[in-house]
Amino acid sequence: MEEKQFSGILNGAVPGEPVKKDENSRRGNWGNQIEFVLTSVGYAVGLGNVWRFPYLCYRNGGGAFMFPYFIMLVFCGIPLFFLELSFGQFTSLGCLGVWKVSPMFKGVGYGMMVVSTYIGIYYNVVICIAFYYFFMSMTNLLPWTYCNNPWNTPDCSGVVGTPRANATFANMSAVVSGVTEIVNRTKRTSPSEEYWRNYVLNISDGIGNFGEVRLPILGCLAVSWVVVFLCLIRGVKSSGKVVYFTATFPYVVLTILFIRGITLEGAVSGIKYYLTPQWQKILDAKVWGDAASQIFYSLGCAWGGLITMASYNKFHNNCFRDSIIISVTNCGTSVYAGFVIFSILGFMAHHLGVDVSEVAAHGPGLAFVAYPEALTLLPISPLWSLLFFFMLILLGLGTQFCLLETLVTAIVDEIGTDWIIRNKTYVTLGIAVAGFLLGVPLTTRAGIYWLLLMDNYAASFSLVVISCIMCICIMYVYGHKNYFKDVEMMLGFPPPIFFRVCWRFVSPLIISFILIFTVIQYKPITYNDYVYPGWSLVIGFAMALSSVICIPVYALFKIAVSEGSTFTERLKNSLKPDLDWGPALQEHRKGRYATTGPESVEVCPLKEDLKDEGKEKLKENEDEIGLTIPGSNGSTLNPTPSA
């Protein structure tokens, strides 16, 4: 009995909780459907919703940008989200195993793993910087408030006066500072920017000059990876409990910051700047391209995470409903975050007497420079800073959980033995340690250059290529009619005609448009005034191609090892679904997946699936079972009678 309980713990059971029976006893399922929805919301809603969407919105016509944004959500975002969720849920396999649908395309799964690896490495570095700012906010006075620190330069000009003791001199300095800011704003360097560049990063003069490791950042990186590992130590059983907090509390913080923001003077002007529509921009192709790209990237399509999270669902879960709920929540969060950001930036612009456009920023510049500076103007500024950075940490962790679980699940599913399933925790630990070590170079003085390089190249157009090929494989190689029947078998109803049309025609066209738009709009990456050297751009393109190159390389390999005397025969055999393609559990393998009948698909059991739990289950049910069939998930089940 004790051995059985210990085995349950290793497979993901949480000690002290009533043990719920999983539908897939070998692989495990979510504790309940809320856990899946919250995890997926945490995965999709990330840092980009806070620091990218608001900037894109005001830059591309304010409220007018909402129109193409929601058009792209309906015709591309939700259909692709539903496609990936249904794909993973149908097979109960991760981003590698699902390609049993057409083995030649398994390179797409490897490409997803490569992309998730890149993102997981640099994303946790961003989280660790948020951790650092969070710890530095535990003080009476935020360290980026004034310009009297050792790291400040003569160009530094604060927005809250000076802390010097002499009141007369302080007032005079404040007046001079204010005049300087108004007359010569272009030369102003804020204390928050100098704190970011000169103290936190101690940034070097170029991407090739690594310098020393920033030990405080390295320590926070270790903390970040430890937190991620502990939350995933028992797979979805433990992470599913953590997301009750990590996926919901950011909304509490957003609401607190929103209420505080709209009560500030100048907040209305900031929100107007964010939402005032410029309808003439709707005719600009760049606006539509930005809308399509933002929808595509913010939902996390083609990362492999959606397939992985859905693979732990029960077979008949309504993933159609879930895809709509999660996608709409993601986009609604982006819009809501815009109010939070621009209410504070409007207050800051009013305080400085400048236009909102002069204080608006995006990316790390918003999260670690502009917004922290605005927070110094508020009473009890450390409190608001703690809340803001705690929110960033939670938003980042929600995405990081799924990135790590994607890699772990892919490896465990691919090996598929009972030993690897029982020791899944060690796989998680190994990947976490590797991720930490690979992230160490990003904590050096040149780390920010490499982080931005990875963000702009490793996870850009390669995602679009992967998603486009996935649509082509499912709809045209495997066959749309076959897939529609699979979805109907799983959900109890066929996919609505709107989604069928989008999957086959509309979404692939939009994805192609995003790819073309990305290529046409390409500009070499810069960071402020720093222009990246040519050799670094070559590395960037190599990272981008490293995920895409997996697709043709594996396709050629699969053709070479497939049966057949001619190239055409090998090609056809490599495109056919594997014999064990389909639902993982025997009880769900009905119709053309049934194990009886002349046209049935043979079920290939996983290795060692008759050991341990299988034998024990046989003994428990030997009085009731006359004939047992080893299921593809390792359990032994009654055969379903043919209708």
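Heads up: these notes are all about the structure in this document. (Residues numbered from 1 in each chain as written. Predicted model: local features only at pLDDT ≥ 70, side-chain atom pairs only at ≥ 80, totals over all residues. Heavy atoms only, no water.)

## Re the side chain of Asn152
Following the sequence through the fold, Asn152 ends up in the loop between α6 (106-136) and α7 (167-183). Taking the relative accessible area as the measure of exposure, Asn152 reaches 13% and is therefore buried. Excluding residues that lie within four positions of it along the chain, Asn152 makes contacts with Tyr146, Cys147, Pro191 and Glu194. (Helix = DSSP H or I, 4+ residues; strand = E, 2+ residues; numbered from the N terminus. Buried < 20%, exposed > 50% of the residue type's maximum accessible area, 1.4 Å probe, protein only. Contact = heavy atoms within 4.5 Å.)

## Quick look at the packing of helix α12 (residues 267-275) against helix α15 (residues 319-352)
Where α12 contacts α15, the axes come no closer than 7 Å and their chain directions differ by 135°. Considered as vectors, α12 and α15 are oriented oblique to each other. Here the hand of the crossing between α12 and α15 comes out right-handed. Here Ala267, Ser269, Gly270, Ile271, Tyr273, Tyr274 and Leu275 of α12 lie close against α15, whose contacting residues are Ser334, Val335, Gly338, Phe339, Phe342, Ser343, Gly346 and Phe347. Counted by class, the contact of α12 with α15 contains nine nonpolar, six polar and no charged residues. (Axes fitted to C-alpha atoms, helices over the stretch in contact; angles between N-to-C directions. Parallel < 35°, antiparallel > 145°, perpendicular 65-115°, else oblique. Left-handed = near helix turned anticlockwise from the far one by under 90°. Nonpolar A, V, L, I, M, F, W, Y, C, P; charged D, E, K, R; others polar.)

## Let's talk about unusual backbone geometry
You will see that Ser92, though not glycine, has its phi angle at about 55°, which is positive. Residue position: Ser92 is located in the loop between α5 (66-91) and α6. Even without being glycine, Asn528 reaches a positive phi, approximately 55°. Assignment of secondary structure puts Asn528 in the loop between β1 (526-527) and β2 (530-531).

## Digging into the nonpolar core
Counting residues in hydrophobic clusters, the biggest one holds 189 residues, and the most contacted among them are Tyr133, Trp196, Phe368 and Tyr532. Ranked by residues supplied to this core, first place goes to α6 with 19 residues. Contact partners of Tyr133, with chain neighbours within four places excluded, come to Trp144, Tyr195, Trp196, Val200, Phe368 and Phe389. (Core = buried A, V, L, I, M, F, W, Y, C linked by side-chain atoms within 4.5 Å.)

## Some remarks on the side chain of Thr425
Inspection of the secondary structure puts Thr425 in helix α19 (residues 424-439). Each residue touching Thr425, except ones within four places of it in the same chain, is listed here: Phe229 and Ile233.

## A word on the state of the cysteines
For the coordinates displayed, the defined rule picks out one disulfide. One disulfide in the model links Cys147 with Cys156; its S-S distance is 2.0 Å. Measuring handedness by torsion sign, the sulfur bridge of Cys147 and Cys156 sits at about -70° and is left-handed. (Disulfide = S-S within 2.5 Å.)

## A closer look at helix α23 (residues 534-548)
The α-helix advances 3.6 residues per turn, and as a result positions three or four apart in sequence lie on the same side. For α23, spanning 15 residues, the distance from its first C-alpha to its last is 21 Å, which sits close to the expected 21 Å at 1.5 Å a residue. Every buried residue of α23 is accounted for by Ser536, Leu537, Gly540, Met543, Ala544, Ser547 and Val548. One side of α23 carries all its buried residues, which in axial view fall inside an arc of 145°. (Expected span 1.5 Å × (residues − 1). Arc of directions from axis to C-beta.)

## Description of a nonpolar patch on the surface
On the surface, Val74, Phe75, Ile472, Tyr476, Val477, Ile497, Phe498, Val501 and Phe505 cluster together into a nonpolar patch covering about 740 Å² of accessible area. Within the residue set of the nonpolar patch, elements represented by two or more residues are α5, α21 (461-491) and α22 (497-520). As for its position among the elements, Tyr476 is in helix α21. Assessed through its relative accessible area of 44%, Tyr476 is described here as partly exposed. (Patch = residues over 30% accessible without salt bridge, like charges linked within 9 Å, V, L, I, M, F, W, Y side chains within 5 Å. Areas by Shrake-Rupley, 256 points an atom, 1.4 Å probe, with all protein chains shown as cover. Salt bridge = Lys/Arg side-chain N within 4 Å of Asp/Glu carboxyl O.)

## Some remarks on the packing of helix α16 (residues 364-375) against helix α17 (residues 381-415)
Remark: α16 packs on α17, axes separated minimally by 9 Å, with the N-to-C direction vectors making an angle of 150°. Classified by the interaxial angle, the pair formed by α16 and α17 is roughly antiparallel. For α16 against α17, the interelement crossing comes out right-handed. Of α17, the residues touching α16 (which contributes Ala367, Phe368, Tyr371, Pro372 and Leu375) are Ser381, Trp384, Ser385, Phe388, Phe389 and Leu392.

## Quick notes on helix α11 (residues 249-262)
In this model, α11 (14 residues) spans 20 Å end to end at C-alpha, consistent with the 20 Å of a helix rising 1.5 Å per residue. Here α11 has its buried residues at Pro250, Val253, Leu254, Leu257 and Gly261. Down the axis of α11, the sector holding all buried residues measures 100°, keeping them to one side. Those residues of α11 that are buried lie in contact with α10 (236-246), α12, α15, α16 and α17.

## Quick notes on the packing of aromatic side chains
For any pair of aromatic rings, the description rests on two quantities: the centre-to-centre distance and the angle between the ring planes. This model, assessed by the stated rule, comprises 65 aromatic pairs. Judged by centre distance (5.4 Å) and plane angle (80°), the ring pair of Tyr69 and Phe70 falls under edge-to-face. For Phe70, a relative accessible area of 35% puts it in the partly exposed group. Looking at Arg500, its charged tip hangs above the ring of Phe484, at a distance of 5.9 Å from the centre. (Phe/Tyr/Trp six-rings, centres within 6.5 Å; stacked < 30°, edge-to-face > 60°. Lys NZ or Arg CZ within 6 Å of the ring centre and 35° of its normal.)

## With respect to the environment of Tyr43
Mapped onto the elements of the fold, Tyr43 is located in helix α2 (residues 33-44). For the pair Tyr43 and Gly398, spaced 355 residues apart in sequence, the C-alpha separation works out to 5.2 Å. The contact partners of Tyr43, leaving out residues within four places of it in the chain, are Leu299, Gly300, Trp303, Gly305, Leu306, Gly398, Thr399 and Cys402. Here Gly300 takes part through its backbone oxygen, which lies 3.0 Å from a polar atom of the side chain of Tyr43. (Polar contact = N/O pair within 3.5 Å; in protein donor to acceptor, adjacent residues only side chain to side chain.)

## Quick look at the pattern of salt bridges
Here the structure, examined in full by the defined rule, presents eleven salt bridges. Glu405 is the partner of Lys424 in a salt bridge, and the nearest nitrogen-oxygen pair spans 3.1 Å. Note that Lys424 is positioned in helix α19 and Glu405 in helix α17, a separation of 19 residues in sequence. Grouping residues by exposure puts Lys424 and Glu405 together as buried. Salt bridges sharing partners connect three or more residues here, namely Arg59, Lys286 and Asp290.

## A look at the environment of Ser102
If you trace the backbone, Ser102 turns up in the loop between α5 and α6. Along the sequence, Ser102 and Leu575 sit 473 residues apart, while their C-alpha atoms lie 4.9 Å from each other. Discounting chain neighbours no more than four positions away, the residues touching Ser102 are Cys473, Val477, Ser574, Leu575 and Lys576.

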